[in-house]
Amino acid sequence: MAQPVLTACGLQSELLPRFTLIKEDSGVDGGFLIAATLGQRLKASRDNHVLLIATHHTYHHYSSACMKIGFNLGPARESGQLEILDVGAELYRNYPDATPSLDDINKRIDTFLETNQNASILIDDLSYFLNFDHSEAQLIDFVEQFAVPTDEQRHHSLVIKLNTADLWPTLCANLDDMAQTEIRLQRLASGQFREVDGRLIVRRYPTEKDAGAQGLMKVKVVDKSVLYKVNERNVKVFVPGEIGIKNL
């Protein structure tokens with residue numbers, strides 16, 4: 001199961017932050033967090049509606065991954081609780097007549113938000129669109145439309161995964177500023193290790209109770225720093241220093 005890693009990231013809550021940013025180091029695949037969040041949102045309540053914009057992986061990959069950790073996406077998709085925009089599959093069908101367009105995705109998200117309450121939008125890999133003549137500035141504007149609250153009566157959550165984040169300094173810095181929660185997936189500095197895949201660091205803004213100590217400028221602080229291991233049917237987390245991994 002994936003509950004331990006969801007709890008560590010704060011992604012098991014009934015109400016997710018407006019914008020959560022998952023940043024992967026080069027060579028790290030954070031798709032397991034997208035799959036776990038997707039399954040958890042659908043299973044938590046039938047009132048939760050999810051739009052998955054799949055770029056790095058396909059819908060079939062996530063369907064298989066969710067099944068392994070106890071979530072069946074089929075009924076949710078059939079009922080309309082889950083909507084899929086499989087960007088890679090559409091590119092395969094339409095190329096070269098049409099390529100992925102942020103304007104088209106914008107319209108799809110707007111329609112989704114207008115017709116669904118308790119809505120969550122999961123974007124598998126935002127950097128994918130940089131391959132199709134979209135600039136970092138365009139991606140920043142795209143995210144800002146949905147990450148910055150404009151209608152206090154309508155709450156939706158946005159979870160974006162950004163692959164090889166260090167390659168896009170302007171994009172990454174701006175998304176950092178907009179995100180309420182940052183989840184960084186890092187490779188181990190010591191190299192590969194059989195029992196652990198990498199390090200997971202969660203940064204959040206402090207609570208109102210603790211914010212006073214920071215003065216006028218709020219800065220994210222490290223909320224969790226754990227090691228993780230993605231197995232065939234579960235995701236385990238470890239506190240650095242546990243027996244057997246104390247040198248990591």
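Scroll up to find the structure this text is about.
Just so it is clear, the structure is predicted and the values come from calculations on it, not from any experiment.

*Asks:* Where do I start with the overall build of the protein in this structure?
*Replies:* Secondary structure assignment for the protein yields 9 helices and 9 strands. Taking all 248 residues of the protein together, the buried fraction comes to 48%. Here the analysis covers contacts within the protein between residues at least 6 apart in sequence; of these, 73% occur between residues at least 24 apart. If you sum the accessible surface of the protein, you get close to 12800 Å²; carbon and sulfur atoms cover 48% of it.

*Asks:* Looking at this model, I keep getting lost on empty space enclosed by the protein. Mind explaining?
*Replies:* Over the atoms rolls a probe the size of a water molecule, and in doing so it shows where empty space is left. Under the definition given, this model contains 1 cavity of 30 Å³ or more. Of the pockets and cavities examined, the largest cavity occupies roughly 30 Å³. For the largest cavity, the full set of lining residues is I109, I121, I123, F142, V143, F146, L158 and I160. For the lining of the largest cavity, the secondary structure elements donating two or more residues are β4 (119-123), α7 (136-147) and β5 (156-162). Tallying contributions element by element places α7 first for the lining of the largest cavity, with 3 residues.

*Asks:* Explain the pattern of salt bridges to me, please; I cannot follow it from the model alone.
*Replies:* Should the charged atoms of two oppositely charged side chains come close, the side chains can pair. Taken as a whole and assessed by the stated rule, the structure comprises 11 salt bridges. Two residues, R108 and E83, come together in a salt bridge whose shortest N-O distance is 3.9 Å. You can see R108 sitting in helix α6 (residues 102-115) and its partner E83 sitting in strand β3 (residues 82-86), a full 25 residues away along the chain. Accessibility expressed as a relative area gives 22% for E83, which makes it partly exposed. Each of K23, D176, E182 and K220 takes part in a single network of salt bridges with overlapping partners.

*Asks:* What's the story with the packing of helix α2 (residues 31-44) against helix α3 (residues 59-68) in this structure? I'm lost.
*Replies:* Each pair of packed helices can be described by the angle between their axes along with the distance between the axes. Running from amino to carboxyl end, α2 crosses α3 at an angle of 70°, the nearest separation of the two axes being 9 Å. One element, α2, and the other, α3, form an angle in the roughly perpendicular class. Contacts from G31, I34, A35, L38 and G39 in α2 reach Y62, A65 and C66 in α3.

*Asks:* Looking at this structure, I do not really get unusual backbone geometry. What am I missing?
*Replies:* Generally, phi is negative for residues other than glycine and the peptide bonds are trans, each holding for most cases. The backbone of N118 sits at a positive phi, close to 50°, despite the residue not being glycine. With respect to the secondary-structure elements, N118 resides in the loop between α6 and β4. Classification of N118 as partly exposed rests on a relative accessible area of 41%.

*Asks:* Which parts of the structure should I look at to understand the layout of surface pockets?
*Replies:* Reported here for the largest pocket is a volume of approximately 320 Å³. Every residue lining the largest pocket is counted, 17 residues in all, and those nearest its centre are G31, F32, H61, A65 and V230. When contributions to the lining of the largest pocket are tallied by element, the ones reaching two or more residues are α2 and α3. In terms of residue count, the dominant contributor to the lining of the largest pocket is α3 (5 residues). For the lining of the largest pocket, the per-class residue count stands at 8 nonpolar, 6 polar and 3 charged.

*Asks:* Hey, could you run me through the nonpolar core in this one?
*Replies:* Proteins that are soluble and globular tend to have nonpolar side chains buried together. With 36 residues, the main nonpolar core has L33, L38, L52, L82 and L200 as its most contacted residues. Per-element accounting of this core gives the leading share, 7 residues, to α2. Sequence-distant contacts of L82, that is, excluding residues within four places in its chain, are made with L38, L42, V50, L52, Y59, L73, A76 and R77.

How each quantity is defined
- Residues numbered from 1 in each chain as written.
- Predicted model: local features only at pLDDT ≥ 70, side-chain atom pairs only at ≥ 80, totals over all residues.
- Heavy atoms only, no water.
- Helix = DSSP H or I, 4+ residues; strand = E, 2+ residues; numbered from the N terminus.
- Buried < 20%, exposed > 50% of the residue type's maximum accessible area, 1.4 Å probe, protein only.
- Contact = heavy atoms within 4.5 Å.
- Areas by Shrake-Rupley, 256 points an atom, 1.4 Å probe, with all protein chains shown as cover.
- 1 Å grid on protein atoms, 1.4 Å probe; cavity = no way out; pocket = protein on both sides within 12 Å on 5 of 7 lines; lining within 4 Å.
- Points joined across faces, edges and corners; volume = space filled by probe spheres on them.
- Salt bridge = Lys/Arg side-chain N within 4 Å of Asp/Glu carboxyl O.
- Axes fitted to C-alpha atoms, helices over the stretch in contact; angles between N-to-C directions.
- Parallel < 35°, antiparallel > 145°, perpendicular 65-115°, else oblique.
- Nonpolar A, V, L, I, M, F, W, Y, C, P; charged D, E, K, R; others polar.
- Core = buried A, V, L, I, M, F, W, Y, C linked by side-chain atoms within 4.5 Å.

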